[in-house]
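Analysis of the macromolecular model
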Amino acid sequence: MKNPTLAIGDSEMEVLNHVWELRQATVAQVHERILQHRKVAYTTVMTMMQNLAKKGYLSFTKDGVTYVYQPAIDPAQVRQDLLSHLMRKAFRGSPTALVQTLVSQEALTDADREAIRAIIDTME
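Within soluble globular proteins, side chains that are nonpolar generally end up buried alongside one another. Leu16, Val30, Val45, Met49 and Leu58 are the most contacted members of the largest nonpolar core, which has 21 residues in total. Elements represented by at least two residues in this core include exactly α1 (10–22), α2 (27–35) and α3 (42–54). Here valine 30 is in contact with Val15, His18, Val19, Ala25, Val45 and Met49, once residues within four sequence places are set aside.

Here it is, written out as structure tokens:
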């Protein structure tokens, strides 16, 4: 497995989420899912999946002439790496500043805040 880079765009993340949900996927399957929300060329999805494989996020096998992609890295690890990168870049490495920003957002419901409190309580 190649070392993954944190350079992952929004569209690549969208593709990666679809592969995670499907556990393995062809370009056609991911393309079909994306078309439910927006127009995108098949070749664009194919290029993104190839790039994600080059970056180490996906691996693939060949089934005849079809490439079947699967996650090369656990989704939780990818999320952790991306969040750690964001924390270092935008919050000077401060988890407190990151959490403060998150919990002060208006879009966060009372139920969300309570769930976050419960997670922290279980860690203590």
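This paragraph deals with the side chain of threonine 26. Relative to the assigned elements, threonine 26 resides in the loop between α1 and α2. Among the residues examined, threonine 26 registers a relative accessible area of 15% and is labelled buried. Not counting chain neighbours up to four residues away, the residues in contact with threonine 26 comprise Met49, Thr66, Tyr67 and Val68.

What follows deals with the pattern of salt bridges. Any two side chains of opposite charge can pair, on the condition that their charged atoms come close. For the coordinates displayed, the defined rule picks out five salt bridges. Here arginine 38 and glutamate 14 are joined by a salt bridge, their closest N and O atoms 2.5 Å apart. In this pair, arginine 38 sits in the loop between α2 and α3 while glutamate 14 sits in helix α1, placing the two residues 24 residues apart along the sequence. The exposure class of arginine 38 is partly exposed, given its relative accessible area of 31%.

Turning next to the side chain of histidine 31. Along the chain, histidine 31 falls in helix α2. Here tyrosine 42 takes part through its backbone nitrogen, which lies 3.4 Å from a polar atom of the side chain of histidine 31. Among all residues touching histidine 31, those that are not within four sequence positions of it are Val40, Ala41, Tyr42 and Val45.

Moving on: the pairing of strand β1 (residues 58–63). Here six bridges tie β1 to strand β2 (residues 66–71), and the two strands are oriented antiparallel to one another. Within β2, the position partnered with phenylalanine 60 by the bridge is tyrosine 69. Following β1, the chain reverses through two residues before pairing antiparallel with β2; glycine 64 in that reversal takes a positive phi of roughly 70°.

Rules used in this analysis
- Residues numbered from 1 in each chain as written.
- Predicted model: local features only at pLDDT ≥ 70, side-chain atom pairs only at ≥ 80, totals over all residues.
- Heavy atoms only, no water.
- Core = buried A, V, L, I, M, F, W, Y, C linked by side-chain atoms within 4.5 Å.
- Buried < 20%, exposed > 50% of the residue type's maximum accessible area, 1.4 Å probe, protein only.
- Helix = DSSP H or I, 4+ residues; strand = E, 2+ residues; numbered from the N terminus.
- Contact = heavy atoms within 4.5 Å.
- Salt bridge = Lys/Arg side-chain N within 4 Å of Asp/Glu carboxyl O.
- Polar contact = N/O pair within 3.5 Å; in protein donor to acceptor, adjacent residues only side chain to side chain.
- Pairing = 2+ DSSP bridges.

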